[in-house]
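Fold and contact review
The primary structure of each chain is shown beneath.
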Amino acid sequence: MSAGFSLRPARPGAAAALSAIAHAAKAHWGYPAEWLALWRDGLTVTEPELAANWAVVAETGGETVGFAMVERVDGLAELTHCWVLPGTMGQGLGRQLLAAARQHLGRSEPLLIAAEPKAETFYHRFGARTIGMLPSQPEGRQLPLMLLQDEIMLAGSTVASRWLGTQEYIPTWRAMQTMTSHRNGNTTDELWLLEHPPVFTQGQAGKPEHVLQRSNIPIVPIDRGGQVTYHGPGQLIGYLLMDLGRRKLGVREMVRRIEQSIIDLLADHGIRAYGKEDAPGVYVDEAKIASLGLRIRDGKCYHGLALNVDMDLSPFSQINPCGYAGLRVIQLADFGIRETPASLAPQLAAKINALLGQEGTASPADYALSAKPAAS
């Protein structure tokens, strides 16, 4: 970062100056004048925008030379502006502004970026990845849609597996929806591994009677299948963002492969687990240790699994877990397994990669399935 630039919050009355920076930066890249005219509204910063969103400006020698702005759209943070005056390019100011945006978000939220094609490489350098293309004016143009998340890549060639740490539920859900909406035939399949702060999620067909007690833990209605479940610290979450059509996988086969990956992982730790033909999830002695729920849209899936590792299980008593009254819920810690979601993440990623790498459809006999119904 350049020591010559200082950052401060944008003040009221700065909209005109910031708009001028955006226009100057765009013109520097040599875009046709008619395109710049079409973009004028998109490049103009308004005073209401400044009042409603986070914005930071960069100064040197008393002159404003760059700025960044973050807006929240449907629970997801979006970098709507990141511009610097042409004379400051190559001095690290763009990187400084991007770092300030990440610091503002507490490094706990994914950041959506709809960037100019010429800036795609810049954002890639700092960890953003392209998740699709976004139609934009002038007609026929496509903007790279990128997602920036703090992550550690895990080994595995079948899906790109990422450990994301602790993430708030709603922004992560919105990020999954965004990636699914904008993916194309070349978009990489991904596995996001993470933890959530305490939250109940209610499936799209969820019945309110399965919530037995209200508390300060939020209940979020979402678009996966299934009923209500609980997520919290000490639980390993795995979200699978995949093109099932490209892999020639049906939904039932996908669910069985996810279940089997958890069963195989638990077997490595000396725990005999199984799935149920009529109740998705993974069970040990009729108690549930992992839940599953997917959303399929045009042959693409998102959402995934939740494996109880070492957590406070008491919030499950406030609900009928997954819609089953009296269903016992257990975790790895109950068996003396001293693991954390972070330590189990690469192990689970390896199991999922191995099973998703197999071709064809297996019969129920090939999986650790039980025909016994879930407790009710």
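Report on the accompanying structure. (Residues numbered from 1 in each chain as written. Predicted model: local features only at pLDDT ≥ 70, side-chain atom pairs only at ≥ 80, totals over all residues. Heavy atoms only, no water.)

**A word on the pattern of salt bridges**
- Here the structure, examined in full by the defined rule, presents 13 salt bridges.
- Here Arg8 ties to Glu59 by a salt bridge, and the two come within 2.7 Å at their closest N and O atoms. With Arg8 in strand S1 (residues 6-9) and Glu59 in strand S2 (residues 54-60), this residue pair connects regions lying 51 residues apart in the sequence.
- Using a relative accessible area of 18% as the deciding quantity, one classes Glu59 as buried.
- Glu116 is paired through a salt bridge with Lys26; the nearest N and O atoms lie 2.6 Å apart. Here Lys26 lies in helix H1 (residues 15-28) and Glu116 lies in the loop between strand S5 (111-114) and helix H5 (120-125), a separation of 90 residues in the sequence.
- In this structure Glu116 comes out as buried when scored by relative accessible area, which is 14%.
- Judged by relative accessible area, which is 3%, Lys26 ranks as buried.
- Taken together, the salt bridges that share partners define one network made up of Arg183, Asp189, Arg246 and Arg247. (Salt bridge = Lys/Arg side-chain N within 4 Å of Asp/Glu carboxyl O. Helix = DSSP H or I, 4+ residues; strand = E, 2+ residues; numbered from the N terminus. Buried < 20%, exposed > 50% of the residue type's maximum accessible area, 1.4 Å probe, protein only.)

**Re H1**
- A rise of 1.5 Å per residue sets the reference length of H1, with its 14 residues, at 20 Å; its end C-alpha atoms lie 20 Å apart and thus fit the reference within 8%.
- Taken from the residues just after H1, Gly30 is the one with a positive phi, measuring 80°. (Expected span 1.5 Å × (residues − 1).)

**Focus: the sheet that holds S5**
- Taken in spatial order, the seven strands line up as S1-S2-S3-S4-S5-S7-S6 in an open sheet, and their pairing is mixed. The open sheet terminates on both sides in strands that have one partner only, identified here as S1 and strand S6 (129-136). Ignoring strand direction, the axes of neighbouring strands in this sheet form an average angle of 30°.
- Pairing of S2 with strand S3 (residues 63-73), which is carried by seven bridges, proceeds in the antiparallel orientation. What sits directly across from Ala55, in S3, is Met69.
- Across the face of the sheet, helix H4 (residues 93-104) comes into contact with S1, S2, S3, strand S4 (76-84), S5 and strand S7 (141-148) while running at roughly 155° to S4.
- Against the sheet, helix H6 (residues 169-182) contacts S4, S5, S6 and S7, and its axis sits at roughly 65° relative to S6. (Pairing = 2+ DSSP bridges. Axes fitted to C-alpha atoms, helices over the stretch in contact; angles between N-to-C directions. Contact = heavy atoms within 4.5 Å.)

**Notes on unusual backbone geometry**
- Even without a glycine there, the phi angle at Lys248 is positive, about 55°.
- With respect to the helices, strands and loops of the structure, Lys248 is situated in the loop between helix H7 (244-247) and helix H8 (251-268).
- Its relative accessible area of 70% is what places Lys248 among the exposed residues.
- Of note, the phi angle at Asp298 is positive, near 50°, even though the residue is not glycine.

**Details of the sheet that holds strand S12 (residues 219-221)**
- Reading across from one edge, S12-S11-S13 is the order of the three strands in this open sheet, with mixed pairing throughout. Taken across any chain shown, the strands that pair with only one partner, and hence form the sheet edges, are S12 and strand S13 (228-231). Within this sheet the neighbouring strands show an average axis-to-axis angle of 30°, counted without direction.
- In terms of strand pairing, strand S11 (residues 199-202) meets S12 through three bridges, oriented parallel. Within S12, the residue paired with Gln202 across the bridge is Pro221.
- Set on the sheet, H6 makes contact with S11, S12 and S13; between it and S12 the angle comes to about 15°.

**Description of the packing of aromatic side chains**
- In the structure shown here, the tally under the stated rule is six aromatic pairs.
- Both rings, one in Tyr169 and one in Trp173, keep their centres 6.4 Å apart while their planes meet at 40°; by these two values the pair is tilted. With Tyr169 and Trp173 both in helix H6, this residue pair falls four residues apart, about one helical turn. Take Tyr169 and Trp173: they sit in the same class, and that class is buried.
- On the numbers, 5.4 Å between centres and 55° between planes, the contact of Phe200 with Tyr230 is tilted. Of this pair, Phe200 sits in strand S11 while Tyr230 sits in strand S13, placing them 30 residues apart in sequence. With respect to class, Phe200 is no different from Tyr230; both count as buried.
- Members of the aromatic cluster, each reached through a chain of ring pairs, are Phe122, Tyr123 and Phe126.
- Residue placement shows Arg174 over the ring face of Trp173; its charged tip is 4.3 Å from the ring centre.
- The ring of Tyr283 has Lys276 sitting right over it, with the charged end atom 4.9 Å from the ring centre. (Phe/Tyr/Trp six-rings, centres within 6.5 Å; stacked < 30°, edge-to-face > 60°. Lys NZ or Arg CZ within 6 Å of the ring centre and 35° of its normal.)

**Points about the side chain of Ser19**
- Structurally, Ser19 is set in helix H1.
- Dropping the residues within four chain positions of it, Ser19 is found in contact with Leu43, Thr44 and Val45.

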